[in-house]
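Residue strings, one per chain:
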Amino acid sequence: MTTEVAPAAAPADVRPSTPRRRPAPGLGAVLCLVSAAGFGLSAVFAKQSYAAGISVPAMLAGRFAVAAAVLWVIVAFRRPAFPTRRTLITCIGLGGIGYAAQAVLYFSSLAWIDASLTGLLLYLYPALVTGLAVLLRRERPDRRRYAALLCSAIGLVLILGSGGSIGSAAGIGVALALGSAAAYALYLTVAAGVPADLDVFLLSAIVCTSACVTMTATGYATGSMTGPTAVTGWGWVVLLAIFSTVVPIATLLAGIRLVGAPTASILSCAEPAVTVATTAAVYGERLTPGQLLGGVVILAAVLVLQVPFRRGGSRTRHAG
């Protein structure tokens, strides 16, 4: 899952004759991989929270509350310019509606199907974003985009046609995961209209705060605000908020500024790989050969969309 930021501008007070050390590209790659690992670990933290008896709304409300608190501290330190009223309303809608819906669908899917399968299905979102951009005439269709859409479609067929992915409980989980990918694609499409100079930490703080309000209200309204039976359950929620929300957002931002958005997007493909590896190690989850092949084809669509790189500025978005 990825947040769009503009490359950092060079400091105005640096003289042309002053030698500057250029950050090693390797550092940027490491930061992007740390971000992908953090997002990829979210499934393990969530499943551990479920094992402690916490409900999805309660877990997400706690996650967003902790993440928002940390992000607002960062915002207070950075003191970025506050957005206009119109932009603020858009950001609140992104968090309270778009990202809240995506999170509910994604983490609910984990209760029905293996996290590895959920993680791969979520990565249909780059192709869905591309499809929406073409439909809305924001981008022109070309061979590269058609190839990416075709890869995603083939990958989806391979996944759904392997390992009994369609049927009763598994079908519900798959539907929730696909809904999560669609919700995230819509979220990113709307987020593309947010001014590029809006501070990413401020944007993330507003999004997490809005999502927290939505999840808290939804949980109490539906009577599903159930806390964990053991205090350790809240510990997993805190880990989810810090290491699978705040840290990945910060490292992704830093990584994009060092290696650029296209490269960061490619490195972010490590996220589902981390999910597959960690859930296999912790829970013994295994993908069938057909599902694994389908996942590889879906991730190939991301590479097709990013290679060859586009000239000029490029932006990538992640909401955490």
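Above: the structure in question.
Computed from a predicted model, the values in this text were never measured in an experiment.

What follows covers the overall build of the protein chain. Counting secondary structure elements, the protein chain contains 13 helices and zero strands. Taken from the N to the C terminus, the helices and strands of the protein chain come in the order α-α-α-α-α-α-α-α-α-α-α-α-α. For the protein chain, buried positions account for 48% of its 320 residues. For the protein chain, contacts bridging at least 24 residues in sequence account for 90% of all contacts bridging at least 6. With an accessible surface of roughly 14800 Å², the protein chain has 67% of that area assigned to carbon and sulfur atoms.

With that out of the way, let us pick up unusual backbone geometry. Positive phi is not limited to glycine here, since arginine 79 has a value of about 55 degrees. Here arginine 79 is to be found in the loop between helix H3 (56-78) and helix H4 (85-109). With relative accessibility at 73%, the residue arginine 79 sits in the exposed group.

Attention shifts here to helix H10 (residues 232-259). In this model, H10 (28 residues) spans 38 Å end to end at C-alpha, consistent with the 40 Å of a helix rising 1.5 Å per residue. Bending of H10 peaks at approximately 30 degrees at the position of proline 248. In the stretch just after H10, glycine 260 is the one whose phi turns positive, near 95 degrees.

All right, on to the packing of aromatic side chains then. Per the stated rule, a full pass over the model turns up seven aromatic pairs. Here the aromatic rings of phenylalanine 45 and tryptophan 236 are separated by 6.1 Å at their centres, their planes lie at 35 degrees, and the arrangement is tilted. With phenylalanine 45 in helix H2 (residues 42-51) and tryptophan 236 in helix H10, the pair connects residues that are 191 residues apart, well separated along the chain. Looking at phenylalanine 45, the relative accessible area reads 10%, which means it is buried. Note on tryptophan 236: relative accessible area 26%, which makes it partly exposed. Ring plane angle 90 degrees and centroid distance 5.0 Å describe the contact between tyrosine 106 and phenylalanine 107, whose orientation is recorded as edge-to-face. Overall, tyrosine 106 belongs to the buried group, its relative accessible area being 3%.

What follows concerns the side chain of threonine 245. With respect to the helices and strands, threonine 245 occurs in helix H10. A residue is classified by how much of its surface remains accessible, and threonine 245, at 0% relative accessible area, is buried. Here leucine 240 takes part through its backbone oxygen, which lies 3.1 Å from a polar atom of the side chain of threonine 245. A distance of 3.5 Å separates the side chain of threonine 245 from the backbone oxygen of alanine 241, its partner in a polar contact.

Let's shift gears to the nonpolar core. Ranked by size, the top nonpolar core spans 65 residues in total, and within it Tyr50, Met59, Leu60, Phe64, Phe107 and Leu110 carry the most contacts. No other element matches helix H9 (residues 200-222), which puts 11 residues into this core. Sequence-distant contacts of phenylalanine 107, that is, excluding residues within four places in its chain, are made with Ser42, Ala46, Tyr50, Val56, Met59, Leu60, Arg63 and Leu240.

Their axes nearest at 8 Å, the elements H3 and H9 cross at an angle of 155 degrees. Considered as vectors, H3 and H9 are oriented roughly antiparallel to each other. Note that H3 runs across H9; the crossing there is left-handed. Judged by residue contacts, Pro57, Leu60, Ala61, Phe64, Ala65, Ala67, Ala68, Leu71, Trp72, Ile74, Val75 and Arg78 of H3 engage Phe201, Leu202, Ser204, Ala205, Ile206, Cys208, Thr209, Ala211, Cys212, Met215, Thr216 and Gly219 from H9. Here the contact of H3 with H9 is composed, by residue class, of 19 nonpolar, four polar and one charged.

Here we come to the side chain of threonine 130. Looking at the element boundaries, threonine 130 is found in helix H6 (residues 125-135). Setting aside residues no more than four positions away along its own chain, threonine 130 makes contact with Arg145 and Leu305.

What follows concerns the packing of H3 against H10. Two numbers describe how H3 lies on H10: the axes approach to 8 Å, and their chain directions differ by 50 degrees. Looking at the two axes, H3 sits oblique to H10. As for the relative orientation of H3 and H10, their crossing is right-handed in sense. Contact with H3, carried on its side by Ala58, Met59, Gly62, Arg63, Val66, Ala67, Val70, Leu71 and Ile74, involves Trp234, Val237, Leu240, Ala241, Ile242, Ser244, Thr245 and Val246 of H10 and no other residues of that element. Here the residues of the contact of H3 with H10 sort into 13 nonpolar, three polar and one charged.

Rules and cut-offs
Residues numbered from 1 in each chain as written. Predicted model: local features only at pLDDT ≥ 70, side-chain atom pairs only at ≥ 80, totals over all residues. Heavy atoms only, no water. Helix = DSSP H or I, 4+ residues; strand = E, 2+ residues; numbered from the N terminus. Buried < 20%, exposed > 50% of the residue type's maximum accessible area, 1.4 Å probe, protein only. Contact = heavy atoms within 4.5 Å. Areas by Shrake-Rupley, 256 points an atom, 1.4 Å probe, with all protein chains shown as cover. Expected span 1.5 Å × (residues − 1). Bend = angle between axes of the 7 residues up to and from the residue. Phe/Tyr/Trp six-rings, centres within 6.5 Å; stacked < 30°, edge-to-face > 60°. Polar contact = N/O pair within 3.5 Å; in protein donor to acceptor, adjacent residues only side chain to side chain. Core = buried A, V, L, I, M, F, W, Y, C linked by side-chain atoms within 4.5 Å. Axes fitted to C-alpha atoms, helices over the stretch in contact; angles between N-to-C directions. Parallel < 35°, antiparallel > 145°, perpendicular 65-115°, else oblique. Left-handed = near helix turned anticlockwise from the far one by under 90°. Nonpolar A, V, L, I, M, F, W, Y, C, P; charged D, E, K, R; others polar.

The values are spatial; any link to function lies outside them.
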